[in-house]
Amino acid sequence: MAPPLHSPSSLITAASILLLLPIALTTSIEFSPTAPKYSCTSLGATTTPFTPTSLPISTLYAPTTILLAPIRSDHGGNGANKMCILSSWTVDLSTKEATGEGYYVPLGKSYDNQDWIRPPGNRERVIEYNCGTATNSGDNFATGEYLCELTLPMTSTVLPTGKLDELDAPYYLTYYERSLSVRNELSRFLQRTTFGPTSAELDSLELAYVDLGGAAGPDSDISALHVATMERLQTEWIQGQQDPSTFSTGKFSSLREYYRKRLNPRSPEVYRIGESGPHPCQKHSHWRKFAFTAYDVVNSQYLRWGNNALGGFYQQQVPHKVTVETVKLSVPTGVPTGSPVLSVGGVPTMSPVEDRTVSPSISSAPTGTNIIPYGDMEGEETYITNRWPSKCATNIINIYNTSDPSLVYSGEQSLYATGGRCFVMRQLGVCPAGRLTEAIEAGDLLRIAFMVKLTEADQVFQVNTAHYHTGKERAWSFPDDHSNIIARTHIPDANVWTKVVAYHRVGPDWTYGQPRQLLPPESCSAYQLRFMVAASYSDFILDDVRIEKVYSPVGSLAEAPPREGFISNPKFEYGHAHYKFSRSAGYVRYDPDIRQNAMILPSGKLMRQNIIDTAVEDETYQFSFLMKLVNVESVNLRIVMRMRFENNDVENGPCKREVCNFFRRALARNVHATKENNGWQRVMTNKVHLFGNYTEWDGNVDFILMQIFPSEPLPEGGEIHIADFTEEDPEIISMAPSISTSPSSSPTSLVDEDVAYIVRYAGEVRTIMRHPFQVDLTGEILPMDGSRGYNLCDADEVEGRLAEFPNRLSI
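Residues numbered from 1 in each chain as written. Predicted model: local features only at pLDDT ≥ 70, side-chain atom pairs only at ≥ 80, totals over all residues. Heavy atoms only, no water.

**Q** So what's going on with a negative patch on the surface? Which residues, and what values?
**A** Negative charge collects at one region of the surface, where Asp618, Glu619, Glu696, Glu727 and Asp729 lie side by side. In this structure, Asp618 sits in the loop between β28 (607-610) and β29 (620-621). The class of Asp618 is partly exposed, set by a relative accessible area of 35%. (Patch = residues over 30% accessible without salt bridge, like charges linked within 9 Å, V, L, I, M, F, W, Y side chains within 5 Å. Areas by Shrake-Rupley, 256 points an atom, 1.4 Å probe, with all protein chains shown as cover. Salt bridge = Lys/Arg side-chain N within 4 Å of Asp/Glu carboxyl O. Lys, Arg positive; Asp, Glu negative; His and termini not counted. Charge placed at Lys NZ, Arg CZ, Asp CG, Glu CD. Helix = DSSP H or I, 4+ residues; strand = E, 2+ residues; numbered from the N terminus. Buried < 20%, exposed > 50% of the residue type's maximum accessible area, 1.4 Å probe, protein only.)

What follows is the structure, given as structure tokens:
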């Protein structure tokens, strides 16, 4: 018997069948053989409903693993209308019995023939149940038993002082059962499959239950007859609901079909870029009440042509611009069809260059004189090892005493260093002529060139200076700006000689303290050039090391490093200098396409620079840089400024803590790979305002760290290449034209009765405005004569929202 077709029950969905026909999956598990086993019948008192029974277990000093029998294998093998709950008390047993303090915390339950499961909540996340058939036997169970295993965590906690805060929480099992009438069980079934049962439906299904052979009576029996009858009744009822031949219309009614026929969605974008849709009166015409969409915002940054799923590709094109034209309403003028010619500053395609390294733009040539004797590793072994001291085990390879002549690059000898995360050094301080043929002074620009071979592939070879001075807080400490890092060169192949050329400005790595003070080395060993394989145990071989002076100043002060805004060494002319070194740092490599060095960031690497000495407080900055993606289609690139401030005034200071961390985000944007310009594209950051007048705050700034990284890890083999940081003028896009009046404190609503402004995007008219563009918070009027194109940064797709200033638009 089926309910009337007009009842809410006719809205049954196919998903309801999944609720009624669960699929049981049996897992074979090897349980802990010594774990105790418990169930709601394992202890006599537990069989009494609603009475918690204590379990003889303790988690005072260590976690405890136990086994629990699910309710379906408990109580005679049928757990219908029965439940077993595992819980703990929040205080120890003696406190509970003495004061009644605390409460039960549920840790899991098994009911209605289901496995043990944990309840929702953060506190119980450490509890996990592993249920299945035992493949082994133990002290308290046999092979083939179906059990659930869990580990209860230690309840005591270790305080920050190291002292143990002891808690011996008691655990309980509580058994519940109840009888469910046939009518109530049918009501529960209809609640799950319809909008709610009715009395007529319940009467009809109850009679159908009896007709199918179910036992009469107020309570449903847990016998196999009842279970089989109920399953058959519910299955036939669902089949009847899904049989369209019983419907008056002969087919299913569809809410989706009704909705779609009457739906008139707005068009998210034009059919083709630069092409309008159908006429407003045409069939299937869709229109909207706002001029720009989120798709327009995307296309204002880049254009997407093709689709990867259809075999296409992503190609970088000239971004769209929002353009405006001023028209006189008194003179009928047609909408112009032309678009201004736009040009974007990209990277020209260049012919490849074979050199791996590039020199900075220095007008003077190197002197050609190698200022370090024994750089070619030729001569008596004692002289060489004396001038090349090392933390590694080193020995001199002679071409006549080795079975592998390739271990020597040129001449007869080379220096072999056994790996172990150590370095080989050359002393460059105040040294005698036997160690340096020419003294090194602050401001000298050194060209460092050498040949190196590694015994392991895919390594980064690092060169840096180390400086000792008693005037520093720690005599061997590295400078905060990392100006001591000279080169980090990626060497992909093992047992291949590689030439490395790097440039280093002497002086910034001698400068320490606040205010900065130049501390020249006081001895020969107080200034060192160190060679090492970064974070590796690879052996390495050095040969033909040359250090030449490129330029020497007249004075003794160090020349300031090249800068763009607050970024030191922006073109990577000086290799890795000024960029923070760590295991997560990238490396610098020459790129022949752009004829300059670039920072390479493989998966898991990032780029950081401490800008505390170069950033100007309360200043606004904006940058652009070249970027190339290798073996990855797109990345979400982040540039974040972080300032760590030691706060002396927790009441009135910049934050209510002793240490404040402030962040500024200069970039958070999806950047897609391009096939133009050999993959290189220029990326513009947002304007970033640096933290206010922090030098006037009561406290000290530890560092201001610029960090560049992708928001998600790159795929295997993926790389981000970054080069050529250029400071942009953050005011250039908001300069007031000559006709502008004095800026006001907020935008105004200027309306000229005879003037309108046609706003176009991608060659089509989007809207006509009566207000000129003005800069938010300044009121500066922007050009509306078509001479300037605007990037679309945001779009409001909420129809009818009333803004405080009706002329506001995020461009």
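**Q** How would you sum up the packing of aromatic side chains? Please name residues and give values.
**A** Under the criterion given, the structure shown has 22 aromatic pairs. Aromatic pair Tyr374 and Tyr383: ring centres 6.0 Å apart, planes at 55°, arrangement tilted. A relative accessible area of 39% places Tyr383 in the partly exposed class. Between Trp510 and Tyr527 the ring centres are 5.2 Å apart and the planes differ by 85°, which places this aromatic pair in the edge-to-face class. With Trp510 in the loop between β19 (498-505) and β20 (511-512) and Tyr527 in strand β22 (residues 527-533), this residue pair connects regions lying 17 residues apart in the sequence. For the pair Trp510 and Tyr527, a shared accessibility class is recorded, and that class is buried. An aromatic cluster of three or more residues is present, and its members are Trp388, Phe450, Phe461, Phe531 and Phe540. A cation over a ring is seen here: Lys472 above Tyr512, with NZ or CZ 4.1 Å from the ring centre. (Phe/Tyr/Trp six-rings, centres within 6.5 Å; stacked < 30°, edge-to-face > 60°. Lys NZ or Arg CZ within 6 Å of the ring centre and 35° of its normal.)

**Q** Describe in detail unusual backbone geometry, supporting the description with residues and values.
**A** In this structure, Asn569 takes a positive phi of about 50° despite not being glycine. Of note, Asn569 is situated in the loop between β25 (567-568) and β26 (587-591). At Arg595, a residue that is not glycine, the phi angle is positive and equals roughly 60°. On the secondary structure map, Arg595 appears in the loop between β26 and β27 (596-602).

**Q** Talk me through the sheet that holds strand β30 (residues 623-630); I want residue IDs and the actual numbers.
**A** The sheet built from 5 strands is open, its strands ordered β26-β27-β36-β30-β33 with antiparallel pairing. Bordering the open sheet on either side are β26 and β33 (680-684), each of which pairs with just one other strand. With direction set aside, neighbouring strand axes in the sheet form an average angle of 35°. Pairing between β30 and strand β36 (residues 719-727): 7 bridges, direction antiparallel. Bridge pairing in β36 places Leu626 opposite Ala723. (Pairing = 2+ DSSP bridges. Axes fitted to C-alpha atoms, helices over the stretch in contact; angles between N-to-C directions.)

**Q** Any details on the side chain of Ser477? Residues and values, ideally.
**A** Mapped onto the secondary structure, Ser477 falls in the loop between β17 (459-467) and β18 (485-491). Discounting chain neighbours no more than four positions away, the residues touching Ser477 are His467, Lys472 and Tyr512. (Contact = heavy atoms within 4.5 Å.)

**Q** Residue-level account of the nonpolar core, with values.
**A** Looking at soluble globular proteins, one finds that nonpolar side chains tend to be buried together. Counting residues in hydrophobic clusters, the biggest one holds 43 residues, and the most contacted among them are Phe566, Met607, Phe625, Met627, Met641, Ile720 and Phe725. Secondary structure elements with two or more residues in this core: β27, β30, β31 (634-647), β32 (659-672), β35 (699-710) and β36. Residue contributions to this core peak at 6 residues, all from β31. Among the nonpolar cores identified, the runner-up in size contains 39 residues, and Leu436, Ala442, Val500 and Tyr527 belong to it. (Core = buried A, V, L, I, M, F, W, Y, C linked by side-chain atoms within 4.5 Å.)

**Q** Break down the state of the cysteines for me, with residues and values.
**A** Tallied over the full model, the rule gives 5 disulfides. Residue pairing for Cys131: its cysteine sulfur links by disulfide to Cys148, the two sulfurs lying 2.0 Å apart. Between Cys131 and Cys148 the disulfide shows an S-S torsion of about 110°. By sign, it is right-handed. Taken together, the residues Cys131 in strand β7 (residues 130-134) and Cys148 in strand β8 (residues 146-152) connect sequence positions 17 residues apart. The partner cysteine of Cys655 in its disulfide is Cys660, sulfur to sulfur 1.9 Å. In this structure the cystine formed by Cys655 and Cys660 twists about its S-S bond by roughly -75°; its chirality is therefore left-handed. In this structure Cys655 comes out as buried when scored by relative accessible area, which is 10%. Regarding the disulfides, the chain carries the connectivity 1-2, 3-4, 5-6, 7-8, 9-10 under sequence-order numbering of its bonded cysteines. (Disulfide = S-S within 2.5 Å.)

**Q** Before we move on, can you summarise helix α6 (residues 255-262) with the specific residues and values?
**A** In terms of burial, α6 is a largely surface element, 0 of the 8 residues being buried. Between a side-chain oxygen at the N-terminus of α6 and the backbone nitrogen of Arg256 the separation is 3.4 Å; the capping residue is Ser254. (Polar contact = N/O pair within 3.5 Å; in protein donor to acceptor, adjacent residues only side chain to side chain.)

**Q** So what about the pairing of strand β11 (residues 171-177)? Which residues, and what values?
**A** The element β11 is largely enclosed, with a buried count of 5 among its 7 residues. Alignment of strand β5 (residues 82-89) against β11, held across 7 bridges, turns out to be antiparallel. Bridged to Ser87 within β11 is Tyr172.

**Q** Tell me about the side chain of Ser187, residues and numbers included.
**A** Relative to the elements of secondary structure, Ser187 occurs in helix α3 (residues 182-193). Judged by its relative accessible area of 15%, Ser187 falls in the buried class. In contact with Ser187, other than residues within four places in its own chain, are Pro197 and Leu202.

**Q** Outline helix α5 (residues 224-241), supporting the account with residue identities and numerical values.
**A** With 18 residues, α5 extends 26 Å from end C-alpha to end C-alpha; this agrees with the ideal 26 Å at 1.5 Å per step. Those residues of α5 that fall on the buried side of the exposure criterion are His226, Thr229, Met230, Leu233, Gln234, Trp237, Ile238 and Gln241. Buried residues of α5, viewed axially, fall in a sector of 160°; they line one side. Seen from the buried face of α5, the exposed residues on the opposite side, beyond 90 degrees, are Ala224, Glu231 and Gln239. (Expected span 1.5 Å × (residues − 1). Arc of directions from axis to C-beta.)

**Q** Please set out the packing of α3 against helix α4 (residues 199-211) residue by residue, giving values where relevant.
**A** Put simply, α3 and α4 touch, their axes get as near as 10 Å, and they point 120° apart. Between α3 and α4, the angle is such that the two are oblique. Between α3 and α4 the crossing geometry is right-handed. Counting all contacts with α3, which are made through Val182, Arg183, Leu186, Ser187 and Leu190, the residues of α4 involved are Ser199, Glu201, Leu202, Asp203, Leu205, Glu206 and Tyr209. (Parallel < 35°, antiparallel > 145°, perpendicular 65-115°, else oblique. Left-handed = near helix turned anticlockwise from the far one by under 90°.)

**Q** Go over the sheet that holds β28, please, and point to the residues and values.
**A** Pairing within the open sheet is antiparallel, and its 4 strands lie in the order β28-β35-β31-β32. Pairing within the sheet leaves two strands with one partner each, and these edge strands are β28 and β32. The average undirected angle you get between the axes of adjacent strands in this sheet is 15°. In the sheet, β28 pairs with β35 via 4 bridges, with the strands oriented antiparallel. Bridged to Arg608 within β35 is Gln707.

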